Amino acid sequence: MPDLIIRGARVVDADQDRMANVVVTDGVISAVAPGLTNSAPVEVDAGGLTLFPGGIDPHVHFNEPGRAGWEGIASGTAALAKGGVTSFFDMPLNSSPVTTTPEAFDQKRALMDAHARVNGYLWGGLIPGNLDQLGALAERGVIGFKAFMSNSGLDEFPAADDGTLYRGMQEIARLGMILAVHAENDGITGALAAEARRAGRVGVRDYLNSRPAIAEIEAIQRLILLAGETGCKLHIVHVSTGRGVDLVTQAQAQGVDVSCETCPHYLVLTDDDVERLGAVAKCAPPIRDTTEQAALWSKLADGTLPMVVSDHSPAPLDMKQGEDFFAIWGGIAGCQSTLPLLLTYGYHTGKLTLNQVAAVTSSNAAERFGLTKKGRIAPGMD
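Here's a quick rundown of the structure.

What counts as what
Residues numbered from 1 in each chain as written. Predicted model: local features only at pLDDT ≥ 70, side-chain atom pairs only at ≥ 80, totals over all residues. Heavy atoms only, no water. Pairing = 2+ DSSP bridges. Helix = DSSP H or I, 4+ residues; strand = E, 2+ residues; numbered from the N terminus. Axes fitted to C-alpha atoms, helices over the stretch in contact; angles between N-to-C directions. Contact = heavy atoms within 4.5 Å. Left-handed = near helix turned anticlockwise from the far one by under 90°. Nonpolar A, V, L, I, M, F, W, Y, C, P; charged D, E, K, R; others polar. Phe/Tyr/Trp six-rings, centres within 6.5 Å; stacked < 30°, edge-to-face > 60°. Lys NZ or Arg CZ within 6 Å of the ring centre and 35° of its normal. Buried < 20%, exposed > 50% of the residue type's maximum accessible area, 1.4 Å probe, protein only. Arc of directions from axis to C-beta.

## Thoughts on the sheet that holds strand β8 (residues 119–125)
Pairing between the strands of a sheet is mediated by backbone hydrogen bonds and can be parallel or antiparallel.
Next up, step 1: Ordered in space as β6-β7-β8-β9-β10-β11-β12, the 7 strands form an open sheet in which the pairing is parallel. Because the sheet does not close on itself, it has two edges, and the strands there are β6 (55–60) and β12 (258–260). Neighbour to neighbour, the strand axes of the sheet diverge by 25° on average, direction disregarded.
Next up, step 2: Helix-sheet contacts for helix α4 (residues 162–175) involve β9 (144–148), β10 (178–182) and β11 (233–236), and the interaxial angle to β10 is about 150°.

Below you can see the structure in the form of structure tokens.
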């Protein structure tokens with residue numbers, strides 16, 4: 001006996017766009033077809049509506065344990081559900097303790113199991129000095145590992161130097177897992193920021209100028225070289241430049257196992273918007289100009305940019321205020337908005353098809369990260 005039947009929906013995923021009924025039995029899709037005569041205790045008339053696979057957001061920061069006041073798991077996952085996202089990967093920061101040991105993983109996993117309203121997976125952290133923890137974290141079930149090449153903003157999650165990246169990627173390759181990296185050259189951004197602050201230049205445009213595109217591009221090049229040398233699967237998070245995506249595409253053609261993502265704020269905001277909005281739009285890498293924005297849309301349309309994720313990073317109001325823009329917390333809260341923004345600014349403007357929207361919000365992430373039962377609307381899928 002089915003549990004649920006959704007009737008008359010426009011069923012869309014990366015590979016289909018058709019009218020059908022969807023039958024669910026014991027939490028698993030058992031049939032997708034027009035004209036089914038089954039009955040179920042719960043039936044939904046979806047006439048005139050579009051049914052997407054549950055969204056997958058591989059990049060959120062829910063800050064619990066330790067910083068639930070920034071926003072905890074229950075609130076964050078309710079926002080995901082409101083935005084059509086049914087699975088997420090929580091980053092190893094900004095919680096306290098950070099998820100760099102198996103004990104910290106256990107603490108966060110227990111809170112996820114108790115409070116998450118959608119399916120949750122955890123990233124483990126790669127930082128200087130925790131190489132011997134990676135195996136235990138893998139045994140616990142992390143989805144992969146995350147490292148920063150630049151200052152994360154938290155002392156307890158320091159940036160990984162090249163030695164840590166090289167040795168860490170060797171170990172992660174041995175474990176058969178993936179490394180996600182925030183790719184910005186800290187030497188470039190740190191020097192430019194220090195120079196600006198010494199001169200008393202601490203406004204929005206000064207911050208944006210301190211994180212030029214070359215800082216991202218150089219870091220991606222270095223990571224690709226390390227990944228090719230070590231055989232480590234690599235994922236570049238929140239890419240903000242078209243040239244960064246091009247580097248990933250070129251490396252893929254040369255046999256490097258690398259992928260990348262971008263975020264809605266790089267697609268719908270520009271540097272001028274950051275000046276207008278202020279701290280609420282501060283992030284790293286920063287939001288860039290219209291040329292870079294257009295390049296990212298082009299990469300989404302041609303399929304070389306496979307994922308749009310939120311990088312949801314909330315913080316208390318007092319951390320998003322002040323005269324020194326460098327000192328303000330960098331993070332944008334908006335995990336409920338990814339799908340609506342892609343529909344509004346992608347589909348309804350003719351930049352993306354509905355199949356492409358489903359691919360970049362669900363199907364591609366499921367394939368890349370091994371969620372074999374998610375990302376499509378088909379028999380046997382969750």
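## Points about the packing of helix α12 (residues 338–347) against helix α13 (residues 354–368)
Next up, step 1: Relative orientation of the contacting elements α12 and α13 amounts to 145°, with a least axis distance of 11 Å. The chirality of how α12 crosses α13 is right-handed. Residue-level inspection shows T338, L339, L342, L343 and Y347 of α12 in contact with α13, the latter providing L354, V357, V360 and T361.
Next up, step 2: Looking at the contact of α12 with α13 residue by residue, the class counts come to 7 nonpolar, 2 polar and no charged.

## Some remarks on the packing of aromatic side chains
The geometry of two aromatic rings is summed up by the distance between their centres and the angle between their planes.
Next up, step 1: All chains considered together, the criterion is met by 9 aromatic pairs.
Next up, step 2: Aromatic pair F89 and Y121: ring centres 5.4 Å apart, planes at 75°, arrangement edge-to-face. One end of the pair, F89, is in strand β7 (residues 85–90); the other, Y121, is in strand β8, with 32 residues separating them in the sequence.
Next up, step 3: Taken together, F89, Y121, W123 and F369 form an aromatic cluster joined through their ring pairs.
Next up, step 4: When the ring centre of W70 is taken as reference, the NZ or CZ atom of R67 above it lies at 5.4 Å.
Next up, step 5: The side chain of K282 reaches across the aromatic face of F325, ending 5.6 Å from its centre.

## A closer look at the environment of N151
Next up, step 1: Mapped onto the secondary structure, N151 falls in the loop between β9 and α4.
Next up, step 2: Overall, N151 belongs to the exposed group, its relative accessible area being 56%.
Next up, step 3: Ignoring anything within four residues of it in the chain, the contact list for N151 reads A159 and D186.

## Topic: α12
Next up, step 1: Along α12, the residues that are buried comprise T338, L339, L342 and G346. Looking straight down α12, one finds that the buried residues subtend no more than 90° of arc, so they occupy a single side.
Next up, step 2: Among the structural elements, α9 (264–268), α11 (290–302) and α13 are those in contact with the buried residues of α12.

In short, geometric facts, not functional conclusions.
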